[in-house]
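Analysis of the macromolecular model
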Amino acid sequence: MNIKETFLQLTQFTTPYGNESELESILPNSLSKDEFGNYYIKIGNSETLFTCHLDNYCKTKEEVNHVIEDNIIKTDESTILGADNKAGVTAILYMISQNVPGYYYFFLGEEPILSGGCWGSTQLVDNKPDFLKKFKRAIAFDR
């Protein structure tokens, strides 16, 4: 997996809540969806939960104009970059590609501008508390 290219693909457009499925072509085919629409995968045996979110803090989908200077990725300032949370998604995708044991969750609607915030994770916490009890630690890759 090429980390830089993956990040550039993920940030090609902003991703408002409700548009997360448009990223499926970049995500591993082996991901499953829970009943709330969140994506997840289990690799090996681990008591660690790794999480990130797929949406950005924005109201509309916009094309991002990348500017790369000295290996720093930014925008032309006409849009947000969306590194929150595409940087976290990129890190988790790399870990999955390296078969790092863990349970990986990609949440929907974590930014508050359209979903009210923490939508996907709240659905999991409120509706599946027993599922979460099997983890000794949770690491959120947010930013």
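All figures in this text were calculated on a predicted structure; none of them were measured in a lab.

Relative to each other, helix H1 (residues 3–10) and helix H2 (residues 83–97) sit at 140 degrees, their axes nearing to 9 Å. For the element pair H1 / H2, the angle class is oblique. As for the relative orientation of H1 and H2, their crossing is right-handed in sense. Where H1 abuts H2, its residues Ile3, Thr6, Phe7 and Leu10 lie against Ala83, Lys86, Ala87, Val89, Thr90, Leu93 and Tyr94. Tallied by class, residues from the contact of H1 with H2 come to eight nonpolar, two polar and one charged.

Spanning 15 residues, H2 covers 20 Å between terminal C-alpha atoms, matching the ideal 21 Å at 1.5 Å per step. Those residues of H2 hidden inside the fold are in contact with H1, strand E2 (39–43), strand E3 (48–53) and strand E6 (102–107). Looking one or two residues past H2, Asn99 carries a phi angle of roughly 55 degrees, positive in sign.

The next point concerns the sheet that holds E2. In space, the five strands of this open sheet follow the order E1-E2-E6-E3-E7, with mixed pairing throughout. Each having just a single partner strand, strand E1 (32–33) and strand E7 (137–140) make up the two edges of the open sheet. Sheet analysis places E3 next to E6, joined by five bridges and oriented parallel. Across the sheet, residue His53 finds its bridge partner in E6, namely Phe107. On top of the sheet, H2 reaches E2, E3 and E6; it is set at about 140 degrees to E3, its chief contact.

Now for the pattern of salt bridges. In this structure the tally under the stated criterion is six salt bridges. Across the pair Glu47 and Lys136 runs a salt bridge, and its minimum N-O distance is 3.4 Å. Of this pair, Glu47 sits in the loop between E2 and E3 while Lys136 is found in the loop between helix H5 (129–132) and E7, placing the two residues 89 residues apart along the sequence.

The subject of this paragraph is the environment of Glu47. Owing to a relative accessible area of 35%, Glu47 belongs among the partly exposed residues under this scheme. Each C-alpha atom, one on Glu47 and one on Glu20, is 27 Å from the other, the two residues being 27 residues apart in sequence. With residues up to four places along the chain from it excluded, the contact list for Glu47 reads Lys134, Phe135, Lys136 and Arg137.

With 18 residues, the main nonpolar core has Leu27, Leu54, Val89, Tyr104 and Phe106 as its most contacted residues. Elements with a minimum of two residues in this core: E2, E3, H2 and E6. Per element, the largest residue contribution to this core is five residues, and it comes from H2. Setting aside its immediate chain neighbours within four residues, Leu27 contacts Tyr39, Leu54, Val89, Leu93 and Phe106. Counting seven residues, the second-largest nonpolar core is a separate cluster that includes Leu49, Tyr103, Phe107 and Phe135.

Moving on, we get to the packing of aromatic side chains. Across all of its chains, the model carries 11 aromatic pairs by this definition. Taking 6.1 Å as the distance between ring centres and 50 degrees as the angle between the ring planes, the aromatic pair formed by Phe50 and Phe141 counts as tilted. In this pair, Phe50 is assigned in strand E3 and Phe141 in the segment after E7, connecting sequence segments 91 residues apart. Between Tyr103 and Phe131, the ring centres sit 5.1 Å apart and the planes meet at 75 degrees, which makes this aromatic pair edge-to-face. Pair noted here: Tyr103 is in strand E6 and Phe131 is in helix H5, with a separation of 28 residues, a long-range link. Phe131 sits in the buried class, given a relative accessible area of 16%. Seen from the ring of Phe13, Lys61 lies directly overhead, with NZ or CZ sitting 4.6 Å from the centre.

Rules used in this analysis
Residues numbered from 1 in each chain as written. Predicted model: local features only at pLDDT ≥ 70, side-chain atom pairs only at ≥ 80, totals over all residues. Heavy atoms only, no water. Axes fitted to C-alpha atoms, helices over the stretch in contact; angles between N-to-C directions. Helix = DSSP H or I, 4+ residues; strand = E, 2+ residues; numbered from the N terminus. Parallel < 35°, antiparallel > 145°, perpendicular 65-115°, else oblique. Left-handed = near helix turned anticlockwise from the far one by under 90°. Contact = heavy atoms within 4.5 Å. Nonpolar A, V, L, I, M, F, W, Y, C, P; charged D, E, K, R; others polar. Expected span 1.5 Å × (residues − 1). Pairing = 2+ DSSP bridges. Salt bridge = Lys/Arg side-chain N within 4 Å of Asp/Glu carboxyl O. Buried < 20%, exposed > 50% of the residue type's maximum accessible area, 1.4 Å probe, protein only. Core = buried A, V, L, I, M, F, W, Y, C linked by side-chain atoms within 4.5 Å. Phe/Tyr/Trp six-rings, centres within 6.5 Å; stacked < 30°, edge-to-face > 60°. Lys NZ or Arg CZ within 6 Å of the ring centre and 35° of its normal.

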